[in-house]
Amino acid sequence: MSLTSDDIQRLAQLSRLHFDDPARARLLEGLNNFFAIVEQMREVDTSGVVPMAHPIDAMPLEAWAQHAPSATDGMALRLRDDVVSEPNQREANQRSAPAVERGLFLVPKVIE
Amino acid sequence: MGDLHTLGVAQLSALLQNKDISAVELATRMLARLGGNPHNAFLSVDSEVTLAQAKEADARLAAGDTSPLLGVPIAHKDIFVTTDFPTTAGSRMLEGYRSPFNATVVQRLGDAGMVSLGKLSCDEFAMGSANENVAVPAAKPLPVTNPWDESRIPGGSSGGSAAAVAGHLTPAATGTDTGGSIRQPAAFCGITGIKPTYGRASRYGMVAFASSLDQAGPMARSAEDCALLLSAMCGPDLDRDSTSLDVKEEDFSRDLNQPLAGLRVGVPNEFFSDGLAADVRAAIDAALKTLQDQGATLVSIALPRTALSIPVYYIIAPAEASSNLSRFDGVKFGHRAKEFTDLADMYEKTRTEGFGEEVKRRIMIGSYVLSHGYYDAYYLQAQKIRRMIADDFQRAFASCDVIAGPVAPTVAWKLGDKSDDPLASYLADIFTLPASLAGLPGMSIPVGLGEGGMPVGMQLIGNYLQEARLLNVAHQFQMATDHHLKAPGGAA
């Protein structure tokens, strides 16, 4: 299965990128070459395999035994308490902004 | 002391602690070597900042502080945000950007008393294997060159870090490794580098490329130096990085002197396939023989999905990148296009101007594999094979303690050789990608010279949290050999 120039156009739109004609042609060729090596993935039988989104859920229990004895169920991704932990640093954070006014980030007019 | 720049971290630490030299003198000597920007390794230098940090280190030394890294110079890959230097991630998108905070890794090394010499070049957003994808300074971006042969690439994406250490511009550097970006440039430049277990080093303040793969680590001249640096870099950062492991800090130097007798070294057949260049194979074979002479046993193991790691990685990493890089929209920081008609046009022009070609290519791949109708066939299938690759490692570690093999199929190639053919560059990542996908610690140590007198690196892969074991093996190897002491002609 190959991508077409229309696919590139659609993906560019999704990605908020623009490619001129020569760039689009180059990209199309490059992506199709890349997806040719991706095809070998299709032949792998992955039935029953749980997708691995993250290395932390692949770490076996033994790995934790000596390092974190309290983690009896292995390591899970954590959520921290829902409390304010950062001070207000608006001025510091806006120093590198392209356009600010009265503490607000300026963008082009959206609503007429 | 005419050759201070040739010394490593542990040696410099001893001189500083003995008051044979001050941190200011040392920093001054190192800064003097950066004129003309050898190998195009640095993206920013600020002697005032460096000397102020050195002065603080001297005050701590005078007060009797014996922290082992106190006063020792380091330079940071420009993917770590810093308050004292600009941060570009090698991208026009961030040219001129100044972070309001320090990356945790930078902060930890600074708290340990290290003196920063500046920021090091890298591939744009760490996407590349040759450091040719650097886009800043926008007026004249220059690829980093290999100190062993200026007509060759240093590897990437931590190419500036590797070239600076190999060229004796700094005794130590930070790097980041998503699919091999510490190990491969370390191998190509003949230095030592380690990527710890995913989650050991905080990702807070590391400009994000692929969040489930990115990991920071040190690059230096020896395993002994890397152990000192890694001990300072790693530790829980629970409030600021949700993927930071809740395991206590470790002294990674503790096992360096353990003998290797009884060590089982797994040798994956798939790493010695037809694609491996003869010169690299010869150097690796000799290194494995050395480990045997030191009492280790070689065990043949299988990592049957090694070749699959290429498509799996190059789907997962761009998918995560396309999401991470959506933050660059010209609103809160970074580049904004000068002319536009409306908000959507501003986004599009800003991103089109700000990102380089390889970054755009990966965003496009990511958008594709995450899009409706393709998600299951590509992204989800890649995540399933990722687990199979991680499981393969666990099976292998049932019969061995560490895994050893090449870092890359060849030595460093010539500048421009693969720059028009990203696929060729992706394929060369084959031996570093599996450990990255699994989240395992991996390192590269120099094991000799190959074609054109270029360094060859051997990769050591350990099981989760076994960094001390890796460093032990590397250090024992380096006690028995002198490959890590060899330097390119220009560095002396």
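Residues numbered from 1 in each chain as written. Chains lettered and ligands numbered in written order. Predicted model: local features only at pLDDT ≥ 70, side-chain atom pairs only at ≥ 80, totals over all residues.

## Some points on the overall build of chain B
Piece 1. From N to C terminus, chain B includes 15 helices and 11 strands.
Piece 2. Rg of the C-alpha trace for chain B: 21 Å, near the compact-globule value of 23 Å for 492 residues, within the 12% margin.
Piece 3. For chain B, the C-alpha atoms occupy an extent of roughly 65 × 55 × 45 Å along the three principal directions.
Piece 4. Taking all 492 residues of chain B together, the buried fraction comes to 62%.
Piece 5. At a minimum sequence separation of 6, the contacts of chain B that also span at least 24 residues come to 77%. (Helix = DSSP H or I, 4+ residues; strand = E, 2+ residues; numbered from the N terminus. Rg over C-alpha atoms; globule rule 2.2 N^0.38 Å. Buried ≥ 20, exposed ≤ 12 C-beta atoms within 10 Å, placed from the backbone. Contact = placed C-beta atoms within 7 Å.)

## Topic: the overall build of chain A
Piece 1. Check the secondary structure of chain A and you find four helices and two strands.
Piece 2. Beginning at the N terminus, the succession of helices and strands in chain A can be written as α-α-α-α-β-β.
Piece 3. Relative to its full complement of 112 residues, chain A shows a buried share of 18%.

## Considerations on the interface of chain B and chain A
Much of the literature gives interface size as the accessible area that the parts lose upon coming together.
Piece 1. Taken together, the 60 residues of chain B in the interface contact 47 residues of chain A.
Piece 2. Considering each element in turn, the side of chain B that touches chain A owes the most residues, 12 residues, to helix 12 (residues 375–396) of chain B.
Piece 3. Considered class by class, the residues forming the side of chain B that touches chain A number 33 nonpolar, 14 polar and 13 charged. (Nonpolar A, V, L, I, M, F, W, Y, C, P; charged D, E, K, R; others polar.)

## Focus: the pairing of strand 4 (residues 172–177) of chain B
Residue and element names in this part refer to chain B.
Piece 1. Taking burial as the measure, the six residues of strand 4 include six buried ones, the bulk of the element.
Piece 2. Going residue by residue along strand 4, you find Ala-172, Thr-174 and Thr-176 tucked away on one face and Ala-173, Gly-175 and Asp-177 tucked away on the opposite face as well.
Piece 3. When strand 4 meets strand 6 (residues 215–220), the two strands line up antiparallel, connected through six bridges. Across the sheet, the residue bridging to Gly-175 is Gly-217, located in strand 6. (Pairing = 2+ DSSP bridges.)

## So, the pairing of strand 6 of chain B
Residue and element names in this part refer to chain B.
Piece 1. Most of strand 6 is tucked away, with six of its six residues classed as buried.
Piece 2. Judged by which residues are buried, strand 6 turns out to be covered on both faces: Gln-215, Gly-217 and Met-219 on one side and Ala-216, Pro-218 and Ala-220 on the other are all buried.
Piece 3. Across two bridges, the pairing between strand 5 (residues 192–195) and strand 6 is antiparallel. Pairing of Gly-193 across the sheet is with Met-219, part of strand 6.

## Description of the environment of Val45(B)
Residues and elements named next belong to chain B.
Piece 1. Within the secondary structure layout, Val-45 lies in the loop between strand 1 (42–44) and helix 3 (47–62).
Piece 2. Sequence separation of Val-45 and Leu-117 is 72 residues, and the distance between their C-alpha atoms is 6.4 Å.
Piece 3. Setting aside its immediate chain neighbours within four residues, Val-45 contacts Leu-34, Leu-117 and Gly-118.

## What about the packing of helix 9 (residues 309–324) of chain B against helix 11 (residues 357–370) of chain B?
Residue and element names in this part refer to chain B.
Piece 1. Close contact between helix 9 and helix 11 brings their axes to 7 Å; oriented N to C, the two are set at 100°. Comparing their axes, helix 11 and helix 9 come out roughly perpendicular. Residues Ile-315, Pro-318, Ala-319, Ala-321 and Ser-322 of helix 9 form the contact with helix 11, whose own contacting residues are Arg-362, Ile-363, Ile-365, Gly-366, Ser-367, Val-369 and Leu-370.
Piece 2. A breakdown of the residues in the contact of helix 9 with helix 11 according to their chemical character gives eight nonpolar, three polar and one charged. (Axes fitted to C-alpha atoms, helices over the stretch in contact; angles between N-to-C directions. Parallel < 35°, antiparallel > 145°, perpendicular 65-115°, else oblique.)

## What to know about the packing of helix 2 (residues 21–38) of chain A against helix 11 of chain B
In a packed pair of helices, the relevant descriptors are the angle between the two axes and the axis-to-axis distance.
Piece 1. The interhelical angle for the contact between helix 2 of chain A and helix 11 of chain B, taken along N-to-C directions, is 60°, at an axis separation of 11 Å. If you check the angle between helix 2 of chain A and helix 11 of chain B, you find them oblique. Where helix 2 of chain A crosses over helix 11 of chain B, the two elements pack in a sense that is right-handed. Contact residues: helix 2 of chain A offers Leu27(A), Gly30(A), Leu31(A) and Phe34(A), while helix 11 of chain B offers Arg361(B), Met364(B) and Ile365(B). (Left-handed = near helix turned anticlockwise from the far one by under 90°.)

## Focus: the nonpolar core
One recurring pattern in soluble globular proteins: nonpolar side chains tend to sit buried together.
Piece 1. Counting residues in hydrophobic clusters, the biggest one holds 168 residues, and the most contacted among them are Ile315(B) and Leu460(B).
Piece 2. Counting residues per element, this core draws most heavily on helix 9 of chain B, at nine residues.
Piece 3. Aside from chain neighbours lying at most four places away, what touches Ile315(B) is Val38(A), Val369(B), Tyr378(B), Tyr379(B) and Ala382(B). (Core = buried A, V, L, I, M, F, W, Y, C linked by C-beta atoms within 7 Å.)

## Examining the environment of Gly199(B)
Piece 1. Structurally, Gly199(B) can be placed in the loop between strand 5 and strand 6.
Piece 2. For the pair Gly199(B) and Ala424(B), spaced 225 residues apart in sequence, the C-alpha to C-alpha distance is 30 Å.
Piece 3. For Gly199(B), the contacting residues outside a window of four places in its chain are Ile56(A), Thr243(B), Ser244(B) and Leu245(B).

## Quick word on the environment of Ala227(B)
All names here are of chain B.
Piece 1. As for its position among the elements, Ala-227 is in helix 7 (residues 223–233).
Piece 2. Ala-227 sits 96 residues away from Asn-131 along the chain, and the two C-alpha atoms are 26 Å apart.
Piece 3. If we ignore the near neighbours within four places in the chain, the residues touching Ala-227 are Phe-252, Ser-253, Leu-256 and Leu-471.

## A look at helix 10 (residues 343–354) of chain B
Note that an α-helix has 3.6 residues per turn; residues three or four places apart therefore point the same way.
Piece 1. For helix 10 of chain B, which comprises 12 residues, the first-to-last C-alpha distance of 16 Å matches the rise-based estimate of 16 Å (1.5 Å per residue) to within 8%.
Piece 2. For helix 10 of chain B, every residue scored as buried is listed here: Met346(B), Tyr347(B), Glu348(B), Lys349(B), Thr350(B), Arg351(B) and Gly354(B). (Expected span 1.5 Å × (residues − 1).)

## Observations concerning the confidence of the model for chain A
Piece 1. Per-residue confidence for chain A gives a mean pLDDT of 87; residues scoring 70 or more make up 89%.
Piece 2. Strand 1 (residues 100–101) of chain A holds the highest mean pLDDT among the elements of chain A, 96, whereas helix 3 (residues 61–65) of chain A holds the lowest, 73. (pLDDT = per-residue confidence, 0-100.)

## Overview of unusual backbone geometry
All names here are of chain B.
Piece 1. Cis rather than trans, the peptide bond between Val-136 and Pro-137 has omega equal to -10°.
Piece 2. Structurally, Pro-137 can be placed in the loop between strand 3 (115–120) and helix 5 (159–166).
Piece 3. Residues Gly-156 and Ser-157 are joined by a peptide bond in cis, for which omega reads 10°.
Piece 4. Along the chain, Ser-157 falls in the loop between strand 3 and helix 5.
Piece 5. Backbone geometry at His-39 places phi at a positive 60°, although glycine is not the residue there.
Piece 6. Mapped onto the fold, His-39 is located in the loop between helix 2 (23–32) and strand 1.
Piece 7. Non-glycine residue Asn-40 carries a positive phi angle of around 55°.
Piece 8. Note on placement: Asn-40 falls in the loop between helix 2 and strand 1.

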